[in-house]
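Structural characterization, general
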Amino acid sequence: MSQLAIFGGEKAVKTVNEDMLKWPIITKEDEAAVLDVLRTANMSGTDITKKFEREFADWIGVKYALGFNNGTASLLGAMFGVGVKKGDEIICPSVTYWASCLQAMTLGATVVFANVKKDTLCIDPDDIEKKITPRTKAIVAVHYLAHPCDMDRIMEIAKKHNLKVIEDLSHAQGGYYKGKRLGTIGDAAGISMMTGKSFAIGEGGMLITNDRTVYERAIALGSYERFTAENITDEELKPYMGLPLGGYKFRMHQMSSAVGRVQLKYYDERCAEIRKAMNYFWDLLEGVPGIRPHRVDESTGSTMAGFYAPHGIYVSEELGGLSVTRFCEAVRAEGVLDCTPGCNSALHTHALFQTADVYGDGVPTRIANSPEDIRKLDDNLEPAEKIGTMIYGVPWLKKFIPSEIEEYANAYKKVAENYKELLEGDPGNPPRIGGWHFFKHTKKDDK
Ligand SMILES: *Cc1c(COP(=O)(O)O)cnc(C)c1O
């Protein structure tokens, strides 16, 4: 008689504790901070944002931080900041959220996609080297699902080819790479702080950099009220002060800034508990066939920050070729709703990057300013295209409660150990797994 819940056995997960999965943690202090802003009836000022920027910059260890209305805008600010312009190429992993790169097209630049590595799920430095052309301007290093990129290799490649490095820190706020805070290693970083993320303040974004030029250019693009003599030293920018160069208005909302200041006070502490919980979860699954953790060895001085949207790597061969779809179905039946296959689909497979003529150039926007058809570089992006079958969600545990974590780990273990029962009736994987926006969180209303 089968033990698996999918065949009527008892569920592995018996305890329902909302605090285990709930995020962000909002207390009376966050509420009071928002009410303060509301009561001043000055919801569009910059004072609170400036305080938040200063505190954030000090916390992460950079000279400059500039608030944005969302992460997408902060990354556009970073691109403009490092000098991405018409005809340039940026190299970005194909597996990421679109806002790691799509904005480059509004600058007249284009995106060259690189592969991701099977174990880290981050950009593959060997593939970056293959994708460099005379027009390459920058590399976007996305610390995907909180895993730090191989920054030593990336910085070495950038140095050798005189490229800029933009870190997309939207999944990994507060993480470390070999003892250095992520986001402080490249030339600039853009950061989402929207509600679903690990550092969550509502809607908001932040650009961080140690480079004064990047900072001033980012101000010039979308913060007209700060595009003044007080902030601008760059002689090239000075004649245009007062109006935003990009024609954008990217100011962060004060209420988000207020929440951010409160969240920042507790963030490292809360992340430390998440890491304790998540590392315990993965320790329990060490050696289970078919299952590999997506995490770093913390003894190297690297961390997974707040373990944003954690996933596991799937090794189908060790489970008799069982599809990840069937595997996840069985784990969900054990009571783990987060176990869905895949994540962000490979961006280069979307029609927007292939055929869309967004700006009326008469050719696809992706190649509108290119002397050659860079879409041919999309061939051979294998792990990226297969990503949907390679990974599955695991619960994002916020509390270190061993007995509850053991229930979650047991769900995966039980399914892996009884995989043979699932082979019969396995429908296989559908042609596409994952989505353009995001994978499922525990909260239904995220995006
Ligand atoms: C969420 C996200 C962004 C964009 O941030 P928004 O705040 O949603 O605009 C950029 N890059 C990555 C990797 C993200 O996950």
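In short, a report on the structure.

Conventions we followed
Residues numbered from 1 in each chain as written. Predicted model: local features only at pLDDT ≥ 70, side-chain atom pairs only at ≥ 80, totals over all residues. Heavy atoms only, no water. Helix = DSSP H or I, 4+ residues; strand = E, 2+ residues; numbered from the N terminus. Rg over C-alpha atoms; globule rule 2.2 N^0.38 Å. Buried < 20%, exposed > 50% of the residue type's maximum accessible area, 1.4 Å probe, protein only. Contact = heavy atoms within 4.5 Å. Areas by Shrake-Rupley, 256 points an atom, 1.4 Å probe, with all protein chains shown as cover. Lys, Arg positive; Asp, Glu negative; His and termini not counted. Charge placed at Lys NZ, Arg CZ, Asp CG, Glu CD. Pairing = 2+ DSSP bridges. Axes fitted to C-alpha atoms, helices over the stretch in contact; angles between N-to-C directions. Expected span 1.5 Å × (residues − 1). Bend = angle between axes of the 7 residues up to and from the residue. Polar contact = N/O pair within 3.5 Å; in protein donor to acceptor, adjacent residues only side chain to side chain. Salt bridge = Lys/Arg side-chain N within 4 Å of Asp/Glu carboxyl O. Core = buried A, V, L, I, M, F, W, Y, C linked by side-chain atoms within 4.5 Å. Near = heavy atom within 4 Å. Right-handed = clockwise from strand over helix to strand, strands pointing away. Parallel < 35°, antiparallel > 145°, perpendicular 65-115°, else oblique. Left-handed = near helix turned anticlockwise from the far one by under 90°. Nonpolar A, V, L, I, M, F, W, Y, C, P; charged D, E, K, R; others polar.

**Overview of the overall build of the protein**
Tallying secondary structure elements over the protein gives twelve helices and twelve strands in all. Scaling as 2.2 N^0.38, a compact globule of 447 residues should have a C-alpha radius of gyration of about 22 Å, and the protein matches this with 22 Å. Projected onto the principal axes, the alpha-carbon positions of the protein cover approximately 80 × 55 × 40 Å. Across the 447 residues of the protein, 57% fall into the buried class. Long-range pairs, those at least 24 residues apart, make up 73% of the contacts in the protein between residues at least 6 apart in sequence. When the accessible surface of the protein is totalled, it reaches about 18300 Å², and 51% of it is carbon and sulfur. The average position of the 54 basic charges and that of the 61 acidic charges among the side chains of the protein differ by 2 Å.

**Concerning the sheet that holds strand β3 (residues 110-114)**
Adjacent strands of a sheet form backbone hydrogen bonds with each other and so pair up, either parallel or antiparallel. Ordered by their spatial adjacency, seven strands build an open sheet running β1-β9-β8-β5-β4-β2-β3, and the pairing between neighbours is mixed. Of all the strands in the sheet, the pair left with one neighbour each is β1 (64-68) and β3. Looking at each pair of strands side by side, their axes are set apart by 25 degrees on average, direction ignored. Pairing of strand β2 (residues 89-93) with β3, which is carried by five bridges, proceeds in the parallel orientation. Its bridge partner being in β3, Cys-92 is matched across the sheet by Phe-113. Packing against the sheet, helix α3 (residues 47-60) makes contact with β1, β8 (188-192) and β9 (205-209), and its axis sits at approximately 135 degrees to β1.

**Here's the deal with helix α8 (residues 254-284)**
Taking 1.5 Å of rise per residue, the 31 residues of α8 would be expected to cover 45 Å, and the 43 Å separating its terminal C-alpha atoms lies within 8% of that figure. At Tyr-267, α8 is bent by approximately 50 degrees, the largest bend along its length.

**Remarks on the side chain of Thr-303**
Residue placement: Thr-303 occurs in the loop between β10 (291-293) and β11 (311-314). Within polar-contact distance, the side chain of Thr-303 engages the backbone nitrogen of Ala-305 at 3.2 Å. Not counting residues up to four positions away in its chain, the partners in contact with Thr-303 are Ala-146, Pro-148, Gly-174, Gly-175, Tyr-176, Arg-275 and Val-296.

**Let's talk about the pattern of salt bridges**
Across all of its chains, the model carries 27 salt bridges by this definition. Across the salt bridge formed by Asp-58 and Arg-54, the nearest N and O atoms sit 3.0 Å from each other. Of the two residues, Asp-58 and Arg-54 both sit in helix α3, four residues apart, roughly one turn of that helix. The exposure class assigned to Arg-54 is partly exposed, which follows from its relative accessible area of 41%. Between Glu-89 and Arg-135 there is a salt bridge, with the nearest N and O atoms lying 2.8 Å from each other. Pair noted here: Glu-89 is in strand β2 and Arg-135 is in the loop between α5 (125-131) and β4 (136-142), with a separation of 46 residues, a long-range link. Neither residue differs from the other here; Glu-89 and Arg-135 are each classed as buried. One salt-bridge network, held together by shared partners, links Glu-89, Arg-135, Glu-372 and Lys-376.

**With respect to the nonpolar core**
Of all hydrophobic cores here, the largest spans 137 residues; its most connected members are Phe-56, Ile-208, Phe-281, Phe-327, Tyr-392 and Tyr-412. If we skip the residues at most four places from it in the chain, Ile-208 touches Phe-56, Ile-60, Val-62, Tyr-64, Ala-65, Leu-169, Gly-183, Ala-188, Ala-189 and Ile-191. Among the nonpolar cores identified, the runner-up in size contains five residues, and Ala-33, Val-37, Ile-48 and Val-262 belong to it.

**A closer look at the site of the ligand**
The ligand sits among 16 residues. The nearest are Thr-72, Asp-168, His-171, Ser-192 and Lys-197. Within the contact set of the ligand, an oxygen atom lies 2.8 Å away from a backbone nitrogen or oxygen of Gly-71. A distance of 3.0 Å separates an oxygen atom of the ligand from a polar side-chain atom of Lys-197. Relative to its free-state accessible area of 380 Å², the ligand is covered by the protein chains to the extent of 97%.

**As for the pairing of β4**
Taken across its seven residues, β4 has six buried, putting it largely inside the fold. Taken together, the three bridges between β2 and β4 define a ladder with parallel strand orientation. Looking at β4, one finds that Glu-89 is bridged to Thr-136. At this point the chain moves from β4, through helix α6 (residues 151-161), to the parallel strand β5 (residues 164-168), and the crossover so formed is right-handed.

**Description of the sheet that holds β11**
Here three strands make up an open sheet; going across it, the order is β10-β11-β12 and the pairing antiparallel. Strand pairing shows two members of the sheet lacking a second neighbour, β10 and β12 (391-393), which therefore form its edges. Here the average twist between neighbouring strands, direction ignored, is 40 degrees. Two strands pair when backbone bridges link them, and β10 and β11 are joined in this way by three bridges, in the antiparallel orientation. Residue pairing in the sheet places Arg-292 in a bridge with Ile-313 of β11. The strands touched by helix α9 (residues 324-333) are β10, β11 and β12; relative to β12, the strand with the most contacts, the crossing angle is about 20 degrees.

**Regarding α9**
All of the buried residues along α9 are Val-324, Arg-326, Phe-327, Cys-328, Ala-330 and Val-331. Elements in contact with the buried residues of α9: β10, β11, α10 (382-390), β12, α11 (402-417) and α12 (420-423). Positive phi appears at Gly-335, one or two residues downstream of α9, with a value of about 110 degrees.

**As for the packing of α3 against α8**
For any two helices packed against each other, the geometry comes down to the angle between their axes and how far apart the axes lie. Running from amino to carboxyl end, α3 crosses α8 at an angle of 25 degrees, the nearest separation of the two axes being 8 Å. On the basis of the axis angle, α3 is roughly parallel to α8. Crossing angle aside, the handedness with which α3 passes α8 is left-handed. Between α3, through Asp-47, Ile-48, Thr-49, Lys-51, Phe-52, Glu-55, Phe-56 and Trp-59, and α8, the contact on the second element is made entirely by Gln-254, Ser-257, Ala-258, Gly-260, Arg-261, Leu-264, Tyr-267 and Asp-268. Within the contact of α3 with α8, the residues separate by chemical class into seven nonpolar, four polar and five charged.

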